[in-house]
Amino acid sequence: IRIAAREEPYTDSAGHVWTSDRFFFGGRLVKRIEAIQRTVDPELHRGERFGRLTYTIPVPPDSTYTAVFYFAETWFGSRQGGGGAGSRLFDILCNGVLLERNLDVLREAGGPFRAIRRTCRGLRPAPKGSLVSHRWHPDATTRS
């Protein structure tokens, strides 16, 4: 299952089809004009769902799954003043399991508008068959 944060489907450079944004609750969808670097598919990164959000993706319950998350810091950077490493930290959860705490996309990518990705393997669906992924950003201030 490939889902892109955009209003229309997208076919990447390898020929994989990404469906338009679905299975979400919360957050807001925007389309960015800035080019994202360090990716073979910068157009895939043009869409973004931000804020407090949850994806509940239906899957067969009798298997394990790999989730690949793509990120780029598009808020803080050259156009937005303030910010910097440590300004926005995210927690990523799947079915209540913490996958990553305090992800600092700007620091990890080495600057704004640069792609990074996180791969999480061995994810087990909820008993009724869904992967529930949360991205949590409690505030826009530095946390220690």
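Because the structure is a prediction, the values reported are computed rather than measured. For every chain, the first residue of the written sequence is number 1, and numbering continues from 1 along that sequence. At least 70 in pLDDT is required for a residue's local features to be given in this predicted model, at least 80 for side-chain atom pairs to be given and counted, and no such filter applies to totals for whole chains, interfaces and linings, which use all residues. The basis for the side-chain values is all heavy atoms of the structure; hydrogens and waters are excluded.

A. Just the side chain of Asp41, in detail. The numbering of helices and of strands both runs from the N terminus, where a helix is a DSSP run of H or I of at least 4 residues and a strand a run of E of at least 2. Here Asp41 lies in the loop between β3 (24-31) and β4 (47-58). Think of it in three bands: residues with accessible area under 20% of the maximum for their type are buried, residues over 50% are exposed, and the middle band is partly exposed, with areas taken using a 1.4 Å probe on protein chains only. Asp and Glu count as negative and Lys and Arg as positive, but His and the ends of the chain are not part of the count. A pairing counts as a salt bridge when a side-chain nitrogen of Lys or Arg comes within 4 Å of a carboxyl oxygen of Asp or Glu. Buried charge without a partner: Asp41 forms no salt bridge, and the closest opposite charge is Arg117, 8.7 Å away. The contact criterion used throughout is that any non-hydrogen atoms of two residues lie within 4.5 Å. Not counting the four nearest positions on each side in its chain, Asp41 is found in contact with Tyr10, Asp12 and Ser13.

B. Layout of the packing of aromatic side chains. The pairing test for Phe, Tyr and Trp rings, Trp by its six-membered ring, is centres within 6.5 Å, and the orientation test on the planes gives stacked under 30 degrees, edge-to-face over 60, and tilted for anything in between. Overall, the coordinates contain 3 aromatic pairs when judged by the stated rule. Between Trp18 and Tyr70, the aromatic rings sit 5.8 Å apart at their centres with planes inclined by 75 degrees, giving edge-to-face as the arrangement. Of the two residues, Trp18 sits in strand β2 (residues 17-18) while Tyr70 sits in strand β5 (residues 65-71), which places them 52 residues apart along the sequence. Classification of Trp18 as buried rests on a relative accessible area of 8%. Looking at Tyr70, the relative accessible area reads 34%, which means it is partly exposed. Counting as a charge over the ring demands two things of the Lys NZ or Arg CZ atom: a distance within 6 Å of the ring centre and an angle within 35 degrees of the ring normal. Just above the ring of Phe24 sits the side chain of Arg49; from NZ or CZ to the centre is 3.5 Å.

C. Examining the confidence of the model for the protein chain more closely. pLDDT is a per-residue confidence score from the predictor, ranging from 0 to 100. Looking at the protein chain, the pLDDT average stands at 86 and 88% of residues meet or exceed 70. Low pLDDT, under 50, characterises residues 137-144; the stretch is placed with 15 contacts to residues that sit more than four places away or in other chains.

D. Unusual backbone geometry, seen in detail. Positioned with a positive phi, Asn95 is a non-glycine residue whose angle comes to about 50 degrees. Take Asn95: it is sitting in the loop between β6 (90-94) and β7 (97-103). For Asn95, a relative accessible area of 26% translates into the label partly exposed. The residue Asn102 is not glycine, and still its phi comes out positive at about 60 degrees.

E. Local environment of the state of the cysteines. Criterion for a disulfide: a pair of cysteine sulfur atoms at a distance within 2.5 Å. Under the defined criterion, the tally for this structure stands at 0 disulfides. With no disulfide of its own, Cys94 lies 7.9 Å from the sulfur of Cys120, the closest cysteine sulfur. Judged by its relative accessible area of 5%, Cys94 falls in the buried class.

F. Structural context of the side chain of His45. You can see His45 is positioned in the loop between β3 and β4. Judged by relative accessible area, His45 falls into the buried class, the value being 11%. Here His45 is in contact with Ile36, Thr39, Tyr70 and Ala115, once residues within four sequence places are set aside.

G. Seen up close, the pattern of salt bridges. Taken as a whole and judged by the stated rule, the model has 11 salt bridges. Notably, a salt bridge pairs Arg101 with Asp91, separated by 3.2 Å at the nearest N-O pair. Taken together, the positions of Arg101 in strand β7 and Asp91 in strand β6 put the pair 10 residues apart, joining distant regions of the chain. Between Arg107 and Glu108 there is a salt bridge; the shortest N-O distance is 3.1 Å. Using a relative accessible area of 33% as the deciding quantity, one classes Glu108 as partly exposed. Connected via shared salt-bridge partners are Arg6, Glu8, Lys31, Glu43 and Arg46.

H. Spotlight on the nonpolar core. We call a set of buried Ala, Val, Leu, Ile, Met, Phe, Trp, Tyr and Cys residues a nonpolar core when their side-chain atoms join them within 4.5 Å. Judged by nonpolar contacts, the single largest core of 19 residues is most densely connected at Phe69, Phe71, Leu103, Val105, Ile116, Leu123 and Leu131. Counting only elements with at least two residues in this core, the list comes to β4, β5, β6, α1 (105-109) and β8 (116-123). Residue contributions to this core peak at 4 residues, all from β5.

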